[in-house]
Structures are given as C-alpha cells and as structure tokens.
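Chain by chain, the residues run as shown.
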Amino acid sequence: MLGGIKKAWGLAALLVGLGVSVAPAAAETCGLTTVSGGTASINYDPFNPTQSQIVITNLVLSRVNGSGGAKTSTINFYVTGQNANTNGTQLVINSSSGSGSGAGYNQNIYYNFGAAGPVLSNTSSPPPGVFYWAFTGNNAASDLFTVNMQMTLPANLNITAGNTLPFDIVYSCAGTGGGGPFTATGTYSGAIVVNVHILSALQASYAGQNLAFGEIGQVTTAQALGAPASYRTSPNNYIRVQSSGPYQVNLTSANGYKMTFPGGNLSQANQTIGYQLKFLGDIRSPTATAPINHTCVRAGVGNAFEQHLYLQGTLLEGGSTKMVAPNYQDILTVVISPQVYNTPATDVCGAYSVP
C-alpha cells in the first residue's frame, strides 16, 4: 500500500451583489423593458443540500410605447432561464406598485429552459404561471411599475462560481393609439440578471482500491523492471472532484517515492523499495521528488460533471534483497483546494489517464 489520500473540500472567494440589465428597446409598438435592478443578498453554495431563497425588492419595469401616440395598455409575461443549469428555479412576484393593477401574485412564473411555456393572452385573468399588469394613464409616470419578487434556487445547481444568472422575460402585450389597437409578443433576453454570491466550492474523495503491489518478497529487481505491467497498481484508481470554480491540486510523498516499514531507515538500500507514480500527466520517482502541482479548470457540480484524477504506481525494485518486514509503505498526501472564481486555469485535470 502506498498510503492514504486526504480528502479536501472548502469554499473560496465569491462575487457579490445583484443587478438587472436594461434590455434594449426595439422599434416595437408595445413591450416591456427593465429600468432599474432590485436589491438582494445571498451566498449560494452549490453543495449545500438545501434550496436557497433570494428576496428581490424594488425591481422597476417599464412599458414600451410606440410612435404616434401608441402605448402599451396591458402586458403579461413569465420568466425562463438561458440554459438548463438554472432549471428548477422558482420565481414568485409577491407585490407590486405603480399607476396600474396586477394579477398573478404568489405563484411560480419561472419555466425551465427548453420547456413549453403557457399560452399568453392579454386578459385580466392570466393563466397559471403568468403575471399580468394593466397600465393606466398616458404619461411618463404611468409607464413604470415596481415589483418585489422571491426567487428560490434548488440545491446543487451546476452554475459557475462568480457568474451572473441571466433570465429572459417572455411576454405578450396589447396597446392602443398610433393606429391601434394592436398586440405583440416577444422575448427580452437577459432582462433580469442576478449576481448571486456563487461560492467557489468543491468536493473531493478517493475512489478505488488501495494502491498496493501485493506480495513481492520473492520478486527480483530485474523481474520488476522486465515486466512492469505485472507490478503496477490498478489503472482504475482515481480521486473524484466536483467544483463550481477552478481548483488547485498538490501531491507530495512522505518518503520521496520510497516504501519502507515502520522504523525503517530511508538511507539504507535494503530497507527501502522505490516506485514510480504517474498523476495528472506527471511522473515522480526517488530521483524526481518535486511536488505535483496543477491549477485545474472548473469540474462542474453533480455526478454527471465530476472529473476523475487517475493515479497509478509502478514498482522500480523487487523485494528479494530487502529486509523482511510485514509491510512496506509510503504516504501520499493530496490536497485539493478551491480557488477564487477568476483564477487563471487551462489544465483540464480530468483529461489525464494512466498508464
């Protein structure tokens, strides 16, 4: 047995705040834009097994008015993500204020990316999962309304540390004036962009068998070097890593890639057995003992995205001339640490294999 693997997990630096982008207004006769973002504060740990709630207050929305006196009179909409990484999110409008009236409060208006949304219709009784607003007046003050929302993020979303979470508004509107009445439908891409504090976090553990060569008391060094495939540990041993951001890997050998028995003397050739280790494309041995260090790109969150860091030992000496002892071993220490979300990293550590 070469030794044990230390598990490491933790949290690193994060991005803070919440903001909302202003979707550019096209030359529509009616529609919806975002005027100013709400405020919120939350830390989201992708490895926390419980869901996280975000209270978003004072999100100001505005109708789009066309030329020639055209104005939006009613609008109804729902929200969706821009990829499947935020599927399972819920978004509820709790209250609103403005020169108008709303309907569809306290229900989830979020629809998963790729899923069919509800059929939108400009009626005062919107279908389930849709929010409705009726504007009054024909002045600038009547263009705006403010909503307070609650967003619920499910546990274990595969979202990147430090990233913002953009959401789209899908709407249908009706208007009058300027040659109306008229209706229109559309989507404002990135209308809501939430800068959640997405923590750079990871989980890591060892998977596989002991890194063991078995009984080698009768094996000569010539035999070990002549048939190295016979004296290698399994190629299927690996460290599994899931991470929301980049991570650092450091591996060291307690005995300089020599195995010895408890109380053995590392300076005595008959009390040590040398071996070679391959890990992340690097090879270490008693003549090359420098630590193995890699800064790895984000692995991902969830079993479908985790990276496997394979490692394998190869015997360099036989045991036939060594002092008899029940067990020769070395201790390998692997420390895996999350890095801040913008740490430069180009090494896809899960792409390495052995032998």
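Refer to the preceding data block for the structure.
This report concerns the structure included in the present document. (Residues numbered from 1 in each chain as written. Predicted model: local features only at pLDDT ≥ 70, side-chain atom pairs only at ≥ 80, totals over all residues. Heavy atoms only, no water.)

### Here we look at the overall build of the protein
To be explicit about the condition: Every helix listed is a DSSP run of H or I at least four residues long, and every strand listed is a run of E at least two residues long, numbered separately from the N terminus. Atoms considered for the radius of gyration are the C-alpha atoms alone. The globule rule reads 2.2 Å times the number of residues to the power 0.38. Any residue under 20% of the maximum accessible area for its type is buried, any over 50% is exposed, and the rest in between are partly exposed; the area is computed with a 1.4 Å probe on protein chains only.
When its secondary structure is counted, the protein shows one helix and 22 strands. For 355 residues, the compact-globule estimate of 2.2 N^0.38 gives 20 Å, and the protein exceeds it by more than 25% at 30 Å. C-alpha atoms of the protein, sized along the principal axes, occupy 100 × 30 × 30 Å. Buried residues in the protein amount to 48% of all 355 residues.

### Brief notes about the sheet that holds strand 4 (residues 52-65)
The condition that has to hold: Pairs of strands are assigned from DSSP output, requiring at least two bridges between the strands. As a rule, the C-alpha atoms of each element are fitted with a line to give its axis, helices using only the stretch in contact, and angles between N-to-C directions run from 0 to 180 degrees.
Overall, antiparallel pairing links the four strands, which are arranged 2-4-10-6 in an open sheet. Looking along the sheet, the strands with just one partner apiece sit at the ends: strand 2 (30-36) and strand 6 (90-98). Taken pair by pair, the neighbouring strands of this sheet meet at an average axis angle of 35 degrees, ignoring direction. Here six bridges tie strand 2 to strand 4, and the two strands are oriented antiparallel to one another. Directly across from G31, in strand 4, lies its bridge partner V64.

### Concerning the environment of D168
The test is simple: Note on contacts: a residue pair is in contact if any heavy atoms of the two residues lie within 4.5 Å. Here a polar contact is taken to be a pair of N or O atoms separated by no more than 3.5 Å, where protein atoms must pair a possible hydrogen donor with a possible acceptor and residues adjacent in sequence count only if both atoms sit in side chains.
Mapped onto the elements, D168 comes out in strand 11 (residues 165-176). Taking relative accessible area as the criterion, D168 reaches 10% and is therefore assigned buried. On a C-alpha basis, the gap between D168 and N158 in space is 19 Å, while along the polypeptide they are ten residues apart. With residues up to four places along the chain from it excluded, the contact list for D168 reads Y78, V79, T80, Q82, T187, Y188, S189 and G190. Polar side-chain contacts of D168 include one of 2.7 Å to the side chain of Q82.

### A word on the pattern of salt bridges
Selection criterion: A pairing counts as a salt bridge when a side-chain nitrogen of Lys or Arg comes within 4 Å of a carboxyl oxygen of Asp or Glu.
One pass over the full model with this rule turns up three salt bridges. Of the charged contacts, one joins E317 and K322 as a salt bridge, the two residues approaching to 2.9 Å between their closest N and O atoms. Assessed through its relative accessible area of 23%, E317 is described here as partly exposed.

### A word on the pairing of strand 15 (residues 238-243)
Burial runs high along strand 15: six of the six residues are buried. Across the two faces of strand 15 the burial is the same, with Y238, R240 and Q242 and I239, V241 and S243 all buried. For strand 14 (residues 201-207) and strand 15, the ladder comprises six bridges, and the chain directions are antiparallel. Paired with Q203 across the two strands is Q242, which belongs to strand 15.

### A look at the state of the cysteines
Stated precisely, the cut-off is as follows: By disulfide we mean two sulfur atoms from cysteines, separated by a distance within 2.5 Å.
All chains considered together, the criterion is met by two disulfides. With its sulfur 2.0 Å from that of its partner, C30 forms a disulfide with C173. Judged by the sign of its S-S torsion, about 70 degrees, the cystine formed by C30 and C173 is right-handed. Residue C30 is found in strand 2, and its partner C173 is found in strand 11; the two are separated by 143 residues along the sequence. Owing to a relative accessible area of 0%, C30 belongs among the buried residues under this scheme. Exposure remark for C173: the relative accessible area of 0% places this residue in the buried category. The disulfide that involves C296 links it to C349, with 2.0 Å between the sulfurs. The disulfide joining C296 to C349 has a torsion of about -80 degrees about its S-S bond and is therefore left-handed. Note that C296 is positioned in strand 20 (residues 292-296) and C349 in the segment after strand 22 (332-338), a separation of 53 residues in sequence. Side by side, C296 and C349 carry an identical accessibility label, which is buried.

That's the geometry; what it means functionally is another story.
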